[in-house]
Each structure stands twice: as C-alpha cells, then as structure tokens.
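Chain by chain, the residues:
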Amino acid sequence: NTSLSLGRGVFCIKSREDFDEIIGLYKSDAKLRGEIKNTNDAIISRMTPEEKSALGPVPPFLAEHRIDLSKNWVEYCYEGCITEEGEIVHYAMTEEVYFEDHQSLAYITPPCSYPRKFIPELQEYIEGYMKGLVKKGYLRQFFNIELWANFSTPDGKPEFAFCEINP
C-alpha cells in the first residue's frame, strides 16, 4: 500500500512470513515511521474535537485487498459530487490499466472496456452506496470511487467490488 511504502513499491502479503517481514521493516525504519506519523498528525490536526474523540486509535498504515487480474477484473474510478440537497451528480469515469509489473498504471477516459449497456447497473450500484453517505450528512462534496468490475459472470452482467472512496 502507498502509506507504508511511501513510494517504495507495493507490498504483497501472501503468508504470515511476508507479513512479519514487512512489519519488521516498518518497525526498524524510524524515518519511515516519522513520515507516516507526520502525515497522520497533519490530517488529525484539521479535525474537530468531536471527530478526534470518536476517532479511536489511528493505524500507522492501511491495507487494501488484492485483485487477481488474471480473473478479468478491471479497475475503474467513478467521479461525481453530492449537491447541498443530496442529489448525486455523475460526471466522469476512468479506466485504470495495469502493466505487467502491476506497479505501473495508466488512466483511460472514457473507459474503453466498460460496456455502455451496463451503465444503469453501475449508476444503481454507486447511488446505493452514496445514498447511505447522504443520510449521514455527506453533502456539498465531490467524490472519487475506486471499484472493480468483472463481466465473466454466468449472465454476463457486471459483478462489482468496492475498493475505496476519496472524498
């Protein structure tokens, strides 16, 4: 992940030994720990006292799930915003293309692999997620959702896997 690696590459954990090795590298690198702490402290400094009290312990780094690209999954970024009234406005979608080393990528806008006939399913999926955030007060904000889609399903319709949201 990018928090732990800070530009040093993506760590792939396949076993307990891999995990122990990566955590060992983290623990032995005081400079890296300091850089991560500075980033976390900068984010936390902008929070209200109420947000800070609800925060709980802050992990030093995050992990993301790993997708097996040989199984025909494609990553997309879906861009939109929420109006003050809670209306969801859709305005862009990007396809992420990974290269063989899986550490380099490019972006294609508009995406060339997403079938147009499945746009309604995608909008329904995004709106279902975003409506939950609107109910919690997520208004007057832009968002970028990273998600994976796979069309190798028995009926050919998309299967989605949510990755992250960047408000």
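Above this text sits the structure in question.
Here's what I pulled together on the structure shown here. (Residues numbered from 1 in each chain as written. Predicted model: local features only at pLDDT ≥ 70, side-chain atom pairs only at ≥ 80, totals over all residues. Heavy atoms only, no water.)

With that settled, consider the pairing of strand β4 (residues 141-150). Two faces make up the sheet, and in a regular strand the side chains alternate between them. For β4, a buried count of eight out of 10 residues is recorded, marking the element as mostly surrounded by other parts of the structure. The pairing of strand β1 (residues 74-82) with β4 spans nine bridges and is classified as antiparallel. Each bridged residue has a counterpart across the sheet, and for Gly 80 the counterpart in β4 is Phe 143. Bridge count between β4 and strand β5 (residues 159-166): seven bridges; the pairing is antiparallel. If you follow Trp 148 over to β5, its bridge partner there is Ala 161. (Buried < 20%, exposed > 50% of the residue type's maximum accessible area, 1.4 Å probe, protein only. Helix = DSSP H or I, 4+ residues; strand = E, 2+ residues; numbered from the N terminus. Pairing = 2+ DSSP bridges.)

By volume, the second largest pocket amounts to about 230 Å³. Lining the second largest pocket are Tyr 78, His 90, Tyr 91, Ala 92, Met 93, Pro 110, Pro 111, Tyr 114, Arg 116, Ile 119, Leu 122 and Gln 123. For the lining of the second largest pocket, the secondary structure elements donating two or more residues are β2 (88-98) and α5 (119-135). Tallying contributions element by element places β2 first for the lining of the second largest pocket, with four residues. Taken together, the residues of the lining of the second largest pocket break down into nine nonpolar, two polar and one charged. (1 Å grid on protein atoms, 1.4 Å probe; cavity = no way out; pocket = protein on both sides within 12 Å on 5 of 7 lines; lining within 4 Å. Points joined across faces, edges and corners; volume = space filled by probe spheres on them. Nonpolar A, V, L, I, M, F, W, Y, C, P; charged D, E, K, R; others polar.)

Let's shift gears to the environment of Ile 145. In this structure, Ile 145 sits in strand β4. Taking the C-alpha atoms as reference, Ile 145 lies 9.8 Å from Met 130; in sequence the two are 15 residues apart. Discounting residues that sit within four places of it in the chain, Ile 145 has contacts with Tyr 76, Cys 77, Tyr 78, Ile 126, Tyr 129, Met 130, Phe 162, Glu 164 and Ile 165. (Contact = heavy atoms within 4.5 Å.)

Evaluation of the coordinates by the stated rule reveals six aromatic pairs. Ring centres 5.8 Å apart and planes at 25 degrees place the aromatic pair Phe 118 and Phe 151 in the stacked group. Here the residue Phe 118 occupies a position in the loop between β3 (105-108) and α5, and Phe 151 occupies one in the loop between β4 and β5, the gap between them amounting to 33 residues. You can call Phe 151 partly exposed: its relative accessible area is 22%. Taken together, the ring pairs in this structure connect Tyr 76, Tyr 114, Phe 118 and Phe 151 into an aromatic cluster. (Phe/Tyr/Trp six-rings, centres within 6.5 Å; stacked < 30°, edge-to-face > 60°.)

Glancing now at the nonpolar core. Side chains of a nonpolar character, in soluble globular proteins, are inclined to be buried together. Membership of the largest hydrophobic core comes to 17 residues, with the highest contact counts inside it found for Tyr 78, Leu 122, Ile 126, Met 130 and Phe 143. Breaking this core down by element, the ones donating at least two residues are β1, β2, α5 and β4. Here Phe 143 is in contact with Tyr 78, Glu 79, Gly 80, Cys 81, Ile 82, Ile 88, Ile 126, Met 130, Tyr 138, Ile 165, Asn 166 and Pro 167, once residues within four sequence places are set aside. (Core = buried A, V, L, I, M, F, W, Y, C linked by side-chain atoms within 4.5 Å.)

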